[in-house]
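Report on the structure
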Amino acid sequence: MQERLQEHILHLRRFSMFSKNTSTTYKYFFMFVFFSLFLWQSFTIKSEASEIITDPAISMTVGDTKNLYFFHGDSASAYFSSNPDIASVTTGGVLNANDVGSAEIIYSVHGVFHQRKINVADIENPSFSTTQTENLILPDNALTTTDSVLFMQKKDSYTIQFSSSSQALATRYKGLLIWKSDKPNIVRVDSNGKVTALKKGSATITCSLGNVSCHTYVNVITDSYTGKATDFSMLTATGKQRTYRLFKQNAHNYPRYDSYLAWHGCATCSLATVLGAYNDNYSGILPSSVIDGVEKQFTSNKDWTREHVNRSLRGQMPLSLYGISSILKSSGVDNNYVRTYTDSEAKDDIISHLKTGNSIIFEVRQKNSRTGKRTKRWTNSYHTMVLLGVLTNGKVLLCDSVDRSWYNGGQRLKIVDLSDIMEYMFPCTSFSESMYYNGASSDGGYIKIYEIS
């Protein structure tokens, strides 16, 4: 009997070395239990429907249960867990996965201690594992949002949304999410990811969880973009700063082409705005420089001379949407010219594209497609404009080269309802590849612009 007692004491010392990081309370607890088991020598566990475990580590997901039987030739005589909050085990060898993390299952066979590591993963995301609940080790793309870039008006609030692949993780560890704004005087964020726009400018919102983080870039818009040419700077979905130069087409500030631009310059101004924003080689380019530069370079000499030299002012034509799309592509700006669509398709497509932080060039006409009536809401003929983004309140951000008496005079940047624009948009019914306007049937639709990769 004395020899058996000494043997158990020796094994307890071995266990003490193994559990040197365990609190003194845990050590004395284990000693008490093992001496109790020693006195109760008849105690033996033999689970009838158990799983024979031979691997050094066991993987489970939260909520799983296993009946354990470790293969050592005999049944175990005791089971304990180093972290019951993660994985608990009964004296009968029933293992329960309680939370994401890792734990050691300690068991005794003939008084000899053994151990197995238990890795518990998230039931929704089995690849996520932790060493501690507060020390998450996650894949690089584990945390993503649906809102890579936002446009907001002053005093508006919005709660950033997680993508479907990250929602379960974010919900489970909501209390561990850390939200931060790099410019809290411009955009404030609370512990729930709710952002509030305070003043004009841009800010980066970062959400961190364990070893990963994701960013949302917020741009706060105000009605303060007036004048013959004004710059609108924003943060893109990649965190890069992009600057649009917004032009007034009848600014009489463009040598040689003042009259042409006043009459027909909406297309050229739209092209200059987008080209200068997406290709740094053309940053700040003026509409007049577009005419003498990329327009002349990428259209035929015959067509360019006809429109800018031979024809009278009234007979000259602006660039078509096809022409704008072609010149942008030739200048290194990727885009997709959508020529046919239904209204519902176009609405969803336009909003989806604007949410990426990229712009859209489009055409409107005098005729309202809903009522069939002609109005001067946007034009007395045809007019080209640029959409720059969609706001969290559902309105869109519009670059317009014409002053509107109904919109605070000379604002280059207007915040309007998308429906107010789409009622005057129209699809193509023919597919001319003329670089200049050649009739409404082939000049409808819209151009989606993409970031240069």
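Residues numbered from 1 in each chain as written. Predicted model: local features only at pLDDT ≥ 70, side-chain atom pairs only at ≥ 80, totals over all residues. Heavy atoms only, no water.

Labelled according to an unreviewed UniProt entry, the chain appears under the name BIG2 domain-containing protein, originating from Anaerobutyricum hallii.

Quick look at the environment of leucine 397 now. Take leucine 397: it is sitting in strand β23 (residues 396–399). Sequence separation between leucine 397 and leucine 354 is 43 residues, and the spatial gap between their C-alpha atoms is 9.4 Å. Residues in contact with leucine 397, not counting those within four places in the same chain, are Phe151, Ile221, Phe232, Val386, Leu387, Leu388, Gly389, Leu391, Leu413, Lys414 and Ile415. (Helix = DSSP H or I, 4+ residues; strand = E, 2+ residues; numbered from the N terminus. Contact = heavy atoms within 4.5 Å.)

As a further point, take the sheet that holds strand β22 (residues 382–390). Sheet strands pair via backbone hydrogen bonds, and the direction of the pair is either parallel or antiparallel. Strand order across the open sheet formed by 6 strands is β20-β25-β21-β22-β23-β24, with antiparallel pairing between neighbours. The sheet terminates laterally at β20 (335–338) and β24 (413–416), the two strands that pair on one side only. On average, each strand axis in the sheet is inclined to that of its neighbour by 30°, with strand direction left out of account. Strand direction decides the pairing type here: strand β21 (residues 360–365) and strand β25 (residues 446–449), joined by 3 bridges, are antiparallel. Note that in β25 the partner of isoleucine 360 across the bridge is lysine 448. Along the sheet, helix α5 (residues 266–278) contacts β21, β22, β23 and β25; its crossing angle with β22, the most-contacted strand, is approximately 30°. (Pairing = 2+ DSSP bridges. Axes fitted to C-alpha atoms, helices over the stretch in contact; angles between N-to-C directions.)

Here the focus is the side chain of aspartate 420. Mapped onto the fold, aspartate 420 is located in helix α10 (residues 418–422). The buried category is assigned to aspartate 420, whose relative accessible area is 16%. Side chain to side chain, aspartate 420 and arginine 377 meet in a polar contact 2.6 Å long. (Buried < 20%, exposed > 50% of the residue type's maximum accessible area, 1.4 Å probe, protein only. Polar contact = N/O pair within 3.5 Å; in protein donor to acceptor, adjacent residues only side chain to side chain.)

So, on to the layout of surface pockets. Here the largest pocket defines a volume of roughly 520 Å³. As for the largest pocket, its lining consists of 20 residues, of which Trp263, Thr379, Asn380, Ser381 and Tyr382 are closest to the centre. Contributing elements (two or more residues each) for the lining of the largest pocket: α4 (258–264) and β22. For the lining of the largest pocket, the element with the highest residue contribution is β22, accounting for 3 residues. (1 Å grid on protein atoms, 1.4 Å probe; cavity = no way out; pocket = protein on both sides within 12 Å on 5 of 7 lines; lining within 4 Å. Points joined across faces, edges and corners; volume = space filled by probe spheres on them.)

Per the stated rule, a full pass over the model turns up 15 salt bridges. One salt bridge in this structure joins aspartate 400 and arginine 404, with 2.7 Å as the shortest N-O distance. For the pair aspartate 400 and arginine 404, one class covers both residues: buried. The residue lysine 414 makes a salt bridge to aspartate 400 at a minimum N-O spacing of 3.4 Å. In this pair, lysine 414 is assigned in strand β24 and aspartate 400 in the loop between β23 and β24, connecting sequence segments 14 residues apart. Pair check on accessibility: lysine 414 and aspartate 400 agree, each one buried. Several salt bridges share partner residues, and in doing so they unite Asp303, Arg306, Glu307 and Arg311 into one network. (Salt bridge = Lys/Arg side-chain N within 4 Å of Asp/Glu carboxyl O.)

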